[in-house]
Every structure is written in structure tokens, then in C-alpha cells.
Amino acid sequence: MNSKNYSRGKLTDKVFKYTALTFTLFALAILVILLVDIFSKGLARINWDFFRNLPSRHANRSGIMTAMAGMLSLLFFTIIIALPIGILAGVYLQEYGKKSRFASFIEINIANLAGVPSVIYGILGLTLFVRILHMGNSVIAGALTLALLIMPIIIVATREAIKAVPHSLREASYGMGATKWQTTSRVVIPSALGGILTGIILAISRAIGETAPLLVIGALVYVPFIPEGPNDQFTTLPIQIFNWTSRPQADFIINAAAGIIVLLLITFLLNGIAIYIRNKWYKKIKY
Amino acid sequence: MSLPIRKKEKLIEVLMMCCSFVTVLTTIGIILILTLEAIKFFSEVPIGDFLTDTQWTPLFSDKHFGILPLLSGTLLTTTIAILVAVPLGLIIAVYLNEYASPRFTAFVKPILEVLAAIPTVVYGFFALQFVTPLLQKLIPGLNGFNALSPGLVMGIMIIPYITSLSEDALRAVPRSLREASYGMGATKFQTAFKVMIPAASSGIIVSIILAVSRALGETMIVAIAAGQEPKLTFNPMESVETITTYIVQVSMGDVPQDSLEYKTIFAAGLTLFLFTFILNNISFFVRKRFQNKYE
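Just so it is clear, the model here is predicted, and its values are computed rather than measured.

When you look at the confidence of the model for chain A in this model, what are you seeing that I'm missing?
The predicted coordinates ought not to be read in detail in places where the model reports low pLDDT. A residue-level look at chain A finds 95% of positions with pLDDT of 70 or above and a mean pLDDT of 90. Per-element confidence in chain A is highest for helix α5 (residues 118-132) of chain A, whose mean pLDDT is 95, and lowest for helix α4 (residues 101-115) of chain A, whose mean pLDDT is 87.

Shown next as C-alpha cells:
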């Protein structure tokens, strides 16, 4: 009786083990299938002209030049808005107001913001920036919307990175007579820089892939010119992909796949850099 | 130095405080905009109609403003996604934490994280161009736009959310509990399901809540692959429209501002926001409440 139970237990154990392994491999397989599917559809379409051409009614003459240019100018403004505010806020919450009620209120608030669907940020951007502040569907309106969207990510990453800085470093700095800000800016932030940088790159990667909030604020799907300033209209690579995907003609689907290859390469490159920095930083500084 | 050091210190602190206050302003902005515009909407459409009417046709000449069809579309795709993501994500987490070798885990985890890093428009393309044709071979007569395909793909996308948060929770369970279970002669399976998962339950619940909230708010996958027909149905074979898709659809169209049609996106947005807001707060408090359980 006892040994029968035991062997049945062992059997369940084995069955589960291999089922679970299958599930794990299944999830990995989906990723492989997705990549193979997209590369097989789009790789042949990628050539120099694809990067150089403007969008067109003719699929084989369409390119991603304006989408790439729009994406870069959008990112530029998003970063210069979100970075300083996000990092300073993260530093403040972790170093200065850790125990205060204000800080714990902000903590709940940030946890909430991180969970707000991106399309809701689009509604906020549409009403506040596009309409109330009369920015129109411009690069700057898009950048402000994305900046608000990625700010919680930067703040959380900054806090995590700063949390990992050992207390002894701060004490040593205070012991030398440094003030709080001197300690923070010359000891704590430099020590946490690897973690902060990793978070920033992941936030940028997130901003690059965002489509919905930009569609809501009125980013155009057809932009035959390169935005020259923050007040110009724009399109981005994911929006261009969305536009091509929703067309019935097979040639546009190929364009979409080619655009996705470019988008994925950018995303993977950024994530790779983030992982590289994280590993390197952890190796360099061992407390 | 132009400023005395004490003043400079104080100034920097105030500046940093203002930066963190931006996040509060963002929340206030979202809530104010959604509520104020939704109030304008509800001054024209009775809230009872909004909650009970079974048709959503604001863009047609015969206008109906019932949120139920959008809500059913949203819940349907979310349910499918959760049915995929929770068992798979949880079992993978248990496998990586209890069975797999550390080398295998170190190899698999970063690859799984890639699933979460892929932009959603890519998943939308994958759902429409690969999964739907595949499903149409298995299920003859399946609509080209349906709830099933984007639901499944969304489930794949949120697996890493479940796996990584659940794995953290499992890892936080003290070794002694597992050792005690082994010491009693329990198998790994018994230990995982009767000791580890119950002990890590709060973290696992948080991961599931966050995954639900993520699925509710997902836009591009459903906008591309689920179609844009608001229908009150729970049939996964049919095309549906989610709240998020509707918001994108209206903002991409030529709906004049200040029209009633335009205001519908705020009422729909507020509905979506309330759902995710409640879920996020529950998860936040579960996490806070059980954070120090084993410390």
C-alpha cells in the first residue's frame, strides 16, 4: 500500500516534469515560429531603397524613411523630457523621502500609473497636449505623451538601482563632511549608474514599440515628409507597420513584415545593450 | 559659490520633489479628463442606457450607446489570454524553480523575457497573418477576424509577466519549507503544489491580477486581429471589438471634436480605466500586505 502510493507519486512527478518541460519548450518555440514567419515573409523586401523611400500607394515603392525620421525625432524629445524628471524623481523618492507619507502616496500612485493602459495615456495626450495646449498632432505632443508613459519605468528602475547601493558608501561620504546632495550626486548616483542606464534603455525600447497612444493623439498614418521640428506632424515605424498590416494587398503585408524586421532588430539591440550593461556593471562592482 | 550651501541643498530637494510630483499630476490629469468629459457624455446619454443597452453604434445613424458589446469583446479576449497565460506561465515558473537545472533556467529566462519586449503591433501582425490562417485550417468557417486568435497571441505575450513574478514569489519561499516537505518523503510535485505554491500564493495572485489588467488594456493585437464589430457575444469564433480598439478607431476617423460620438471615447476610456485601476490597487495592497511574510 505504502509503496504503491509512493510509486504513483513518483509517476505523477515524472509526468508533470515532462509536461512542464514541453510547455516551456512550447513557449520558446512560439518565439522561434514568430521570428521565422516574419523573416521569411519580409527579409527579401529589405534593401537600401526600403530605408530611403517615402511611403507610397505602390507597395514596392514604399519605404520607411519618414517613419524612421519621425520615430527618431519623437524619441529625442521623449528622452530629453522624461530622463531628467524621471531620474530626479526616482532619486528623491529613494534617497530623500523614503519614509514620508508623501513618498508612500507617490509609490501607490506610480504603481498605478505603470498599470494604466497605454491607450488611456493617448486620451490624456489628446485632450491635454493636442487640444487644451493647442500643440496639434505634432512631434512634441507625441513626445510629451510618451514621456509621461515611460516615466514610471524610469522612476522604478532608478529606485531599484539606488536601493542596491550599500549604506557604507553613503556613511563614508557623510563622514568626510559631504552634504546630502554631494553624497547623492557624487557617490550614490555614480554607483547606481549601471542600473539606472539599464532602466532607461528598457524604457526607450518600450517607447519605440508604442503604437496605440500615438494613434489616439492623431499621429498620421501617411506622412510623405520628414518632420523638421517639434511642431511638425509625424508618423513612426510601428504606425507604418500597422497601416500596412491593415491593408488587404499581399504586397503591403510583405512591407509590414519587412518593417517589423527593422523594428525587432532595434528592440533586440536595445534590450541586448541593457542586459550587457547590467551584467558588466554587476561584475565590476561587487559589494 | 553664489548660494550658501544650505540654501542650495534645500533648493535641489524642492526641485526633486516637484519632479516626483509630476507623476501625481499625471494621475490627476487622467482622472479629471476622463471624468469631466464622461460627465458631458452622460448629460446626453442616460447612464442606464450606457450600462444596459445591448448595442453600441455611435458611428451609425441609428445610435445606440450600450457599453456591453465592447465590454464583452474586451472580457472575451482577456479571458482567452488568461486561460493561456496563467497555466502555462505558472507551470513554467514551477518547472524553472523546482525541476530545471540552474543552467537551463539561466538560458530560458532571458529568452522568455524577449516575448515581453516584442512590440504589440508585431503580435498583431502575427495573429492576423499566421495564427488566424492556421486556426482557419483547424476550424473550418472561422471568421478572418475573430476573438480567438488575438486572445491566444495575447496569452503568449503575457506568459513572461506571470512566469517572472511567480518565479520571484516561489524563490522567496524559504528553503526550510521545501526541505521539510522533502524530509517528510514528499515528491517534487507534491512539494511544488502543496507547499511552494500555497506559500507563494500572494505573489502568484499579484502576477495574475497584473496579467489581467495588462490584457484588458492591450490595444494593437485586438485592433489588428479581432475586427471592429461591437457585438454582444461570448463566442470566440466571432469578430468582436474591444474598448481599446474602439478608442483607436474613433481617434483615427474623422469624428468632429465636441460631437457626442467623440465624447464616447471618454466614457469608454473611463470604463476601461476603472477596471484596471481597481485591479492595480488590489495587486498593490496584496503585495504590501504579504511582502514581509517570510522576512
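Which parts of the structure should I look at to understand the packing of helix α1 (residues 5-44) of chain B against helix α12 (residues 260-290) of chain B?
Geometry of a packed helix pair, given as the angle between the helix axes and the separation of the axes. All names here are of chain B. Across the interface, α1 lies against α12 with an axial gap of 8 Å and an inter-helix angle of 125 degrees. Taken as axis vectors, α1 and α12 run oblique relative to one another. Remark: the crossing between α1 and α12 carries left-handed chirality. Counting all contacts with α1, which are made through I30, L34, T35, E37, A38, K40, F41 and E44, the residues of α12 involved are L260, K263, T264, F266, A267, G269, L270 and F273. Here the residues of the contact of α1 with α12 are counted per class, giving nine nonpolar, three polar and four charged.

Help me understand helix α8 (residues 188-199) of chain B in this model?
The periodicity of an α-helix, 3.6 residues per turn, causes residues three or four places apart in sequence to face the same way. All names here are of chain B. Those residues of α8 that sit buried are K188, F189, T191, A192 and M196. Angular distribution of buried residues about the axis of α8 spans 145 degrees; they occupy a single face of the element. Exposed side chains of α8 directed beyond 90 degrees from the buried face belong to K194 and P198.

What exactly am I supposed to notice about the interface of chain B and chain A here?
Quoted interface sizes are often the accessible area lost when the parts come together. The partner chain A presents 68 residues to the 69 residues of chain B that form the contact. The dominant element in the side of chain B that touches chain A, judged by the number of residues it contributes, is α1(B), at 18 residues. Partitioning the side of chain B that touches chain A into residue classes produces 47 nonpolar, 19 polar and three charged.

Looking at this model, I keep getting lost on the confidence of the model for chain B. Mind explaining?
Residue and element names in this part refer to chain B. Per-residue confidence for chain B averages 91 on the pLDDT scale, and 97% of its residues sit at or above 70. Ranking the elements of chain B by mean pLDDT puts helix α4 (residues 102-117) last with 90 and helix α5 (residues 120-138) first with 96. Quick note on the complex model: pTM equals 0.92, ipTM equals 0.92.

About the thresholds
Residues numbered from 1 in each chain as written. Chains lettered and ligands numbered in written order. Predicted model: local features only at pLDDT ≥ 70, side-chain atom pairs only at ≥ 80, totals over all residues. pLDDT = per-residue confidence, 0-100. Helix = DSSP H or I, 4+ residues; strand = E, 2+ residues; numbered from the N terminus. Axes fitted to C-alpha atoms, helices over the stretch in contact; angles between N-to-C directions. Parallel < 35°, antiparallel > 145°, perpendicular 65-115°, else oblique. Left-handed = near helix turned anticlockwise from the far one by under 90°. Contact = placed C-beta atoms within 7 Å. Nonpolar A, V, L, I, M, F, W, Y, C, P; charged D, E, K, R; others polar. Buried ≥ 20, exposed ≤ 12 C-beta atoms within 10 Å, placed from the backbone. Arc of directions from axis to C-beta.

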